[in-house]
Amino acid sequence: MEFRTIKAICDLVVDCPHSTPAWTEQGKIVIRNNNIKNGKIDLSSPSFTDDENFAQRTKRALPKAGDIVITREAPMGEVGMIPEKVECCLGQRMVLLRVNNQLCDNYYLLYSLQSSIVQQQISWSMGTGTTVSNLRIPHLEQIRVPYVPLDKQKQISSVLRAIEEKIDNNSKLNDNLEQQATAYFQELFINNANPLWKIGTISDLGTVVGGSTPSKTKPEYYTNTGIAWITPKDLSINKSKFISHGENDITELGLKNSSATLMPKGTVLFSSRAPIGYIAIASDEVTTNQGFKSVVPYSEIGTAFVYFFLKQSLPVIEGAASGSTFKEISGSAMKNIPAIVPDRSTLDQFNSFCAPIFAQQKILEDQNHSLAILRDALLPKLMSGAIDAANIQL
């Protein structure tokens with residue numbers, strides 16, 4: 001397999017300014033490290049600076065559509081591509097790459113940088129700062145990328161882009177379904193709430209259940225395939241609405257020797273600290289660590305209502321949290337969060353509306369999971385030549 005360095009295939013390798021931007025409410029977009037994740041730049045929650053700071057931050061290079069950004073630290077090695085029709089500058093701790101388009105396809109480089117071949121080099125070649133690992137320009141420039149002729153690069157990119165586009169389309173469909181269900185919840189239970197409905201607490205909607213961590217000193221309490229055990233970190237990585245397993249499972253012995261509770265399918269998982277408010281629905285039996293105050297809905301209330309109620313009540317729940325180091329909502333406080341308890345007929349109406357929506361969302365999420373596995377499996381094989389992109393039909 002042939003390799004070429006990033007320096008050899010890029011016209012531009014530019015470090016961003018090290019100073020902190022002057023933040024403003026509106027203005028020119030500043031791309032920050034937290035905008036770059038999973039090979040994409042997400043500007044749904046952008047940060048801004050003024051024209052003067054923008055001009056200062058773009059002296060070395062003005063980012064253009066198709067340029068690639070790679071983070072230098074916190075985290076290191078995350079990549080994304082500057083989207084079309086976005087005027088922006090870079091924040092801190094990142095590098096701008098612009099390919100020589102006679103030698104390299106920009107999407108091919110984007111995918112190459114995410115491959116294990118390159119990510120391992122990033123880990124090995126990192127410099128060491130005082131508190132965090134730091135990818136330095138001289139190291140980055142010498143990282144070697146699998147190299148094939150430009151036409152082959154474009155074939156590989158087209159296959160991987162087709163998979164990415166299918167994932168994106170599924171996500172957009174899911175977002176649209178979520179908006180429909182959210183709007184119907186708003187219509188039934190907020191805009192047209194019946195004044196005769198009982199005002200109770202979350203305890204009237206379901207059973208609030210905490211979690212536990214089996215002793216980490218006991219390897220026999222953990223396994224790769226056992227009882228699902230979810231942590232807030234799992235929900236931060238997996239943004240899906242439905243979850244069946246986390247990074248680690250626990251064994252029957254681990255469950256028996258901890259205060260973790262096995263909760264049924266349809267339980268609404270709610271992270272109670274670090275941070276408060278990750279929400280997901282258990283698609284099978286699960287347990288959690290102590291960073292949750294989950295709600296097992298009563299059958300007459302239903303999962304859909306509890307899920308949207310918790311989403312809508314997040315500011316109230318956060319307001320009831322306490323703690324000096326980090327905020328946490330206690331079990332007793334969670335149980336006593338005020339809640340409306342609608343009549344059974346209206347609840348049945350809402351749950352019937354949501355049932356096919358939730359089923360379709362689960363199908364789309366499962367498809368995306370399979371597509372992501374396919375993409376990740378194809379990437380090294382396409383770049384090594386083990387699979388010819390020209391022979392793949394999607």
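Before reading on, note that the structure itself is shown above.
Since this is a predicted model, take the numbers as computed values, not measurements.

Right, let's talk about the overall build of the protein for a bit. Helices and strands together make up the secondary structure of the protein, namely twelve helices and 25 strands. When its C-alpha atoms are laid out on the principal axes, the protein stretches across 70 × 50 × 45 Å. The proportion of buried residues among the 394 residues of the protein is 48%. At a minimum sequence separation of 6, the contacts of the protein that also span at least 24 residues come to 75%. For the protein, the accessible area works out to roughly 19500 Å², and carbon and sulfur atoms hold 51% of it.

Core analysis: the biggest nonpolar cluster contains 39 residues, and Phe 189, Phe 305, Leu 310, Met 334, Phe 350 and Phe 358 have the highest contact counts within it. Secondary-structure elements contributing two or more residues to this core are α6 (150-191), β21 (268-272), β22 (276-282), α9 (303-312), β25 (338-341) and α12 (344-384). With seven residues, the single largest contributor to this core is α9. Setting aside anything within four residues of it in sequence, one finds Leu 310 in contact with Ile 202, Val 268, Phe 270, Ile 279, Val 295, Ile 317 and Met 334. Counting residues in hydrophobic clusters, the runner-up holds 38 residues, among them Val 13, Tyr 108, Leu 379 and Ile 392.

Right, let's get into the sheet that holds strand β4 (residues 28-31). In space, the four strands of this open sheet follow the order β3-β7-β4-β10, with mixed pairing throughout. Of all the strands in the sheet, the pair left with one neighbour each is β3 (23-24) and β10 (88-90). Note: β4 against strand β7 (residues 47-49), three bridges, orientation antiparallel. Note on β7: the bridge partner recorded for Lys 28 is Thr 49.

Quick look at empty space enclosed by the protein now. Here the structure, examined in full by the defined rule, presents one cavity of 30 Å³ or more. Every residue lining the largest cavity is listed: Val 14, Asp 15, Cys 16, Pro 17, Arg 57, Arg 60, Ala 61, Pro 63, Leu 90 and Leu 96.

Across all of its chains, the model carries 16 aromatic pairs by this definition. For the ring pair Tyr 184 and Phe 350, a centre distance of 6.1 Å and an interplane angle of 25 degrees mean the geometry is stacked. Residue Tyr 184 is located in helix α6, and its partner Phe 350 is located in helix α12; the two are separated by 166 residues in the primary sequence. Relative to Phe 358, the ring of Phe 308 has its centre 6.2 Å away and its plane inclined at 50 degrees; by these criteria the two rings are tilted. Linking Phe 308 in helix α9 with Phe 358 in helix α12, this pair joins segments that are 50 residues apart in sequence. Of the aromatic side chains, those joined through ring pairs into one cluster are Tyr 184, Phe 185, Phe 189, Trp 197, Phe 242, Phe 305, Tyr 307, Phe 308, Phe 309, Phe 350, Phe 353 and Phe 358. The aromatic ring of Tyr 147 is capped on one face by Arg 4, whose charged end is 3.9 Å from the ring centroid.

So, about unusual backbone geometry. Backbone geometry follows two general trends: most residues other than glycine have a negative phi, and most peptide bonds adopt the trans configuration. Cis geometry marks the peptide bond from Ala 274 to Pro 275; its omega dihedral reads -5 degrees. In this structure, Pro 275 sits in the loop between β21 and β22. Of note in the backbone geometry, Asn 38 takes a positive phi value of approximately 55 degrees without being a glycine. Considering the arrangement of structural elements, one finds Asn 38 in the loop between β5 (36-37) and β6 (40-41).

To continue, consider the sheet that holds strand β11 (residues 94-99). Strands sit in the order β2-β11-β8-β9 across an open sheet of four strands; the sheet is antiparallel. Edge positions in the open sheet fall to β2 (10-15) and β9 (76-81), since each of these has one partner strand only. The average angle at which neighbouring strand axes cross in this sheet is 20 degrees, direction not considered. Relative to β11, strand β8 (residues 68-72) runs antiparallel, the two sharing four bridges. Opposite Ile 68, over in β11, you have Leu 97 as the bridge partner. Across the sheet, helix α3 (residues 106-114) touches β2, β8, β9 and β11, and the angle it forms with β9 is around 155 degrees.

Rules used in this analysis
Residues numbered from 1 in each chain as written. Predicted model: local features only at pLDDT ≥ 70, side-chain atom pairs only at ≥ 80, totals over all residues. Heavy atoms only, no water. Helix = DSSP H or I, 4+ residues; strand = E, 2+ residues; numbered from the N terminus. Buried < 20%, exposed > 50% of the residue type's maximum accessible area, 1.4 Å probe, protein only. Contact = heavy atoms within 4.5 Å. Areas by Shrake-Rupley, 256 points an atom, 1.4 Å probe, with all protein chains shown as cover. Core = buried A, V, L, I, M, F, W, Y, C linked by side-chain atoms within 4.5 Å. Pairing = 2+ DSSP bridges. 1 Å grid on protein atoms, 1.4 Å probe; cavity = no way out; pocket = protein on both sides within 12 Å on 5 of 7 lines; lining within 4 Å. Points joined across faces, edges and corners; volume = space filled by probe spheres on them. Phe/Tyr/Trp six-rings, centres within 6.5 Å; stacked < 30°, edge-to-face > 60°. Lys NZ or Arg CZ within 6 Å of the ring centre and 35° of its normal. Axes fitted to C-alpha atoms, helices over the stretch in contact; angles between N-to-C directions.

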